[in-house]
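The lines below spell out each chain.
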Amino acid sequence: MCEEIRFSTRTIMTPGPVEAHPVVLREMSLEVLGQYDPQFRQIMRRVQKMLKQHFQIPNGHALAVDGSSRAGLEAGMYSLVEKGDKVLIPAYGRFAYLLAEIAERAGAEVILYEKEWDGPFLQESIIDKIKETQPKLVAMVHGETASGQVQELDQIGKYCQENDVLFMVDMVATFGGMPTKVEEWGVDLAVAGTQKCVSVPAGLAFVAWSDRADQIIESRFQKELGLGAEARNERFILSNYLDLSQLKVYWSDTPINHHTEATNLIYAAHAGLRMLLEEGMDNVYYRHKLNEKALIAGLTAMGLKLYGNLETKLPTVNAVLIPKGVDANEVKKFMLDQFGVEIAGSFGPLVGKVLRIGNMGYSSRRENVLHVLGALESTLIRYGAKVNQGDAVQAALNVYLDVQK
C-alpha cells in the first residue's frame, strides 16, 4: 500500500522553481470548476487582464498555455515561424540554445550569433547582425539564468519594429522580478511562466504578443477536423496543442473546444499575479533589488566572487564562482541534507565552476537570504574552502538594518 506523501521543509533558493506562496497553495485547493462555467471564464478574463499589466502590453494579447515555460516558448515559435524562415538567435547563455532547438524543430533556418556567457550583447552588435542576415524573426533571452546576466532590449526592438522584423523574447527569469516592458521595448512576443517570480508551481506558461504578431498568428488559423471541415489552412501551425491561433479563440468570449483547462492552476496564477499587483510592482522590484544587494554583500564579505559582468547582472539570479578544490555537487548536497537549503549548479562551460542562488518571488525574503548565506558559509568551511568566517550574515544584516534607519 502506498504511503501518504511526506517530506522535509525546504528553503528553495534555486533559479526556479521557487517556494510557492501560501495564498497560492490555498487557492489552488479550491473546488474544481468546469472550463466553460461562467464563473471560471471570469477568472480567465482577470488572468488575461493581469498578464497584460505585468507584461506592460496594453494594446496586445495575452493568455496562459498549459505546460511549463518551455510550452510557451514552443507555442510562440511554432505560431510565428514557418518552414524555411530565417531566425536569428543571439546566444549569451544556455537558454538561447533552447530557442535554437525549438526553432530548428519548427523548420526554421537558424542563425546562431554566439558570445561568451560572461555578459550580454551590445545592442548595436545585434542590430548589425540583423542587417547582415535579414531574418524574419529575432529570438533571444532577456534574463539568462545560466550565467546571471540580463540583456537590454529597447534598441533591438525599435530596429525590428522599423524594419519589419519580428522580435520574440524569453522573459521567464525576469517576469515579476524586474520590469518587462513588452510594448515599449518593441517586443512582438514574450514568454514567461509561473514557477519563478510569480511564486506559483510550474505548470503554466504566459504568452503575450503584439497586433503585428497577431496578424501572422490569425492568418495561420485552422479549425480542428472534429469541430468542422471548414477553415482548413495550408499554412497551419505545426503543433495542435501549442497553436496560439486556436488558444486565442479558446480564451475568448466565444470559445472553441481545444483542451481541458487546468482550472486549479489558473486559480493559482490568478492568486500569484494578483498578489504582485497588490504589493505594487515598484515595491516588488525594490524587494528583489534589496535582497540581491544583501546577497551580494554577504557573498562578497565571505570572500566569494560573482561570475560575469556586474554592470549587467540579473537581479533574480546570483552566479557564484566556486572556490578552487571544492566540488559543486558536494556543496549542493550538503546544504540540502544538513540545512534544508536548495541551490543550483549551472550548465555547459559553467558546470562545476558556478553555483547559482536564486532571488525570485516568494523565495526572495530576508529570512531566506540569511539562511542561504549561513548554510553556504558553513558548508564551504566544512569542505576546506578559505572563506571569511562569520562575516557573510553580518554584511547582509547591515544592508537590511541600514534600510530600517
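The shown structure was predicted, so the numbers you read here are calculated from the model rather than taken from an experiment.

Colleague: Hey, could you run me through helix α12 (residues 366-382) in this one?
Modeller: One turn of an α-helix holds 3.6 residues; hence residues three or four places apart share an orientation. Over its 17 residues, α12 extends 24 Å from the first C-alpha to the last, a length consistent with the 24 Å expected when each residue adds 1.5 Å. Within α12, the full set of buried residues consists of N368, V369, V372, L373, A375, L376, E377, T379 and L380. Those residues of α12 that are buried are in contact with β1 (11-12), α10 (281-302), α11 (328-339), β12 (341-342), β13 (354-358) and α13 (392-404). Within two residues after α12, G384 carries a phi angle of roughly 85°, on the positive side.

Colleague: Even after reading the chapter, I still don't get the side chain of T316, so can you show me in this structure?
Modeller: You can see T316 is positioned in the loop between α10 and β11 (317-321). Beyond its immediate sequence surroundings of up to four residues, T316 is in contact with A173, G177, C197, H288, I357, G358, N359 and M360.

Colleague: Could you clarify how one ought to interpret the pairing of strand β9 (residues 189-193) in this entry?
Modeller: Remember that side chains alternate between the two faces of the sheet whenever the strand is regular. Summarising burial for β9: 5 of the 5 residues are buried, a large majority. A two-sided burial pattern is seen for β9, the buried positions comprising L189, V191 and G193 on one face and A190 and A192 on the other. Sheet topology note: the strand β8 (residues 166-170)/β9 ladder contains 3 bridges and is parallel. The partner of M168 across the bridge, within β9, is L189. Relative to strand β10 (residues 204-209), β9 runs antiparallel, the two being bridged by 5 bridges. Looking at β10, one finds that A192 is bridged to F206.

Colleague: What am I meant to see in the UniProt feature "modified residue: N6-(pyridoxal phosphate)lysine" (unreviewed entry) in the chain here?
Modeller: Feature annotation in UniProt places "modified residue: N6-(pyridoxal phosphate)lysine" (unreviewed entry) on K196, given in this structure's numbering. By relative accessible area, K196 is classed as buried at 10%. Aside from chain neighbours lying at most four places away, what touches K196 is P15, G16, V18, V172, A173, M360 and G361. Side-chain polar atoms of K196 contact the backbone oxygen of P15, separated by 2.3 Å.

Colleague: Where do I start with the nonpolar core in this structure?
Modeller: Among soluble globular proteins, nonpolar side chains are generally buried collectively. Ranked by internal contacts, the top residues of the largest apolar core, which has 89 residues, are F55, V65, F206 and L244. If one sorts the elements of this core by residue count, helix α9 (residues 263-279) sits on top with 8 residues. Counting 30 residues, the second-largest nonpolar core is a separate cluster that includes L290, A294, L299 and V372.

Colleague: How should I be thinking about the environment of L122 in this particular structure?
Modeller: Along the chain, L122 turns up in the loop between β4 (109-114) and α5 (123-133). Distance in space between the C-alpha atoms of L122 and K333 is 37 Å, their sequence separation being 211 residues.

Colleague: Quick question: what am I supposed to make of the layout of surface pockets here?
Modeller: Empty space among the atoms becomes visible once a probe the size of a water molecule is rolled across them. Computed from the structure, the largest pocket encloses a volume of approximately 310 Å³. Forming the boundary of the largest pocket are 17 residues, of which V150, Q151, E152, L153 and T312 lie nearest the centre. The residue makeup of the lining of the largest pocket, split by class, is 8 nonpolar, 4 polar and 5 charged. Three or more residues apiece are contributed to the lining of the largest pocket by two domains, here domain 1 (21-277) and domain 2 (281-403).

Colleague: How should I be thinking about the packing of aromatic side chains in this particular structure?
Modeller: What describes a pair of aromatic rings is the distance from one ring centre to the other and the angle between the planes of the rings. Summed over all chains, the structure comprises 9 aromatic pairs. Note on F40 and Y267: the rings are 6.3 Å apart at their centroids and 70° apart in plane angle, and the pair reads as edge-to-face. Within this pair, whereas F40 is found in helix α2 (residues 38-55), its partner Y267 is found in helix α9, the two being separated by 227 residues in sequence. Of the two residues, F40 and Y267, neither departs from the other in class, the shared state being buried. Arranged with centres 4.6 Å apart and planes meeting at 45°, the rings of F55 and F175 form a pair that is tilted. One end of the pair, F55, is in helix α2; the other, F175, is in the loop between β8 and β9, with 120 residues separating them in the sequence. Per residue, the accessibility class of F55 equals that of F175, and both read buried. Each residue in the set F55, F175 and F206 is aromatic and connected to the rest through ring pairs, giving one cluster. The ring of Y250 is capped by R41, whose NZ or CZ atom sits 5.4 Å from the centre of that ring.

Colleague: It is not clear to me how the sheet that holds strand β5 (residues 137-141) should be interpreted in this structure. Could you clarify?
Modeller: Picture the strands of a sheet paired through backbone hydrogen bonds; they go either parallel or antiparallel. An order of β2-β10-β9-β8-β5-β3-β4 is seen for the 7 strands of this open sheet, with the pairing classed as mixed. Sheet topology places β2 (61-66) and β4 at the edges, where each strand pairs with a single neighbour. If you compare each strand with its neighbour and ignore which way they point, the axes differ by 20° on average. Pairing between β5 and β8: 5 bridges, direction parallel. Paired with A139 across the two strands is M168, which belongs to β8. Against the sheet, helix α6 (residues 154-162) makes contact with β5 and β8, and its axis sits at roughly 150° relative to β8, the strand it touches most. Each of β2, β8 and β10 is contacted by helix α7 (residues 211-219), which is oriented at about 105° to β10, the strand it contacts most.

Colleague: Explain unusual backbone geometry to me, please; I cannot follow it from the model alone.
Modeller: In most cases, non-glycine residues show a negative phi, while peptide bonds are predominantly trans. In this structure, the amide linkage connecting G16 to the following residue, P17, adopts the cis form with an omega of 5°. By the secondary structure assignment, P17 is in the loop between β1 and α1 (22-28). Within the chain, Q134 stands out as a residue other than glycine whose phi angle is a positive 55°. Its place among the elements puts Q134 in the loop between α5 and β5. Despite not being glycine, S199 has its phi angle at roughly 65°, a positive value. Summarising the element assignment, S199 is placed in the loop between β9 and β10.

Quick notes on the rules
- Numbers given to residues run from 1 along each chain, matching the order in which its sequence is written.
- For a predicted model such as this one, the threshold for reporting local features is a pLDDT of at least 70, and the threshold for listing and counting side-chain atom pairs is 80 or more; totals across whole chains, interfaces and linings nevertheless cover every residue.
- Side-chain calculation: all heavy atoms of the structure are included, whereas hydrogens and water are not.
- In DSSP terms, a helix is any run of H or I states spanning at least four residues, a strand is any run of E spanning at least two, and both are numbered starting from the N terminus.
- Take the residue count of a helix, subtract one, and multiply by 1.5 Å to get its expected span.
- For the exposure calls, accessible area comes from a 1.4 Å probe over protein chains only, and a residue counts as buried if that area is under 20% of its type's maximum, exposed if over 50%, partly exposed in between.
- In this analysis, two residues are considered to be in contact whenever any of their non-hydrogen atoms come within 4.5 Å of each other.
- What makes two strands pair is DSSP finding at least two bridges between them.
- UniProt positions are given in the numbering used here, feature names are shortened, and annotations may be inferred rather than shown by experiment.
- Throughout this description, a polar contact denotes any pair of N or O atoms lying within 3.5 Å of each other; where both atoms belong to protein, one of them has to be capable of donating a hydrogen while the other can accept it, and for residues adjacent in sequence the pair is counted only when both atoms sit in side chains.
- Nonpolar cores were defined as sets of buried Ala, Val, Leu, Ile, Met, Phe, Trp, Tyr and Cys residues, with membership established by side-chain atoms within 4.5 Å.
- Definitions used throughout: a 1 Å grid over protein atoms alone; a cavity as a set of points that fits a 1.4 Å probe which cannot get out; a pocket as an open set with protein on both sides within 12 Å along at least five of seven lines; a lining residue as one with an atom within 4 Å of a point.
- Grid points are joined across faces, edges and corners, and a volume is the space filled by probe spheres set on the points.
- Basically, the charged four are Asp, Glu, Lys and Arg, the nonpolar ten are Ala, Val, Leu, Ile, Met, Phe, Trp, Tyr, Cys and Pro, and anything else, Gly included, counts as polar.
- For the domain bounds, the source is a domain assignment made automatically or taken from a database.
- Stacked, tilted and edge-to-face are the three classes assigned to paired rings of Phe, Tyr and Trp, where Trp is represented by its six-membered ring and a pair needs centres within 6.5 Å; plane angles under 30 degrees give stacked, over 60 edge-to-face, the rest tilted.
- A ring has a charge above it when a Lys NZ or an Arg CZ is no more than 6 Å from the ring centre and no more than 35 degrees off the ring normal.
- Axis angles are defined between N-to-C directions and span 0 to 180 degrees, where every axis is a line fitted to C-alpha atoms and, for a helix, only to the segment in contact.

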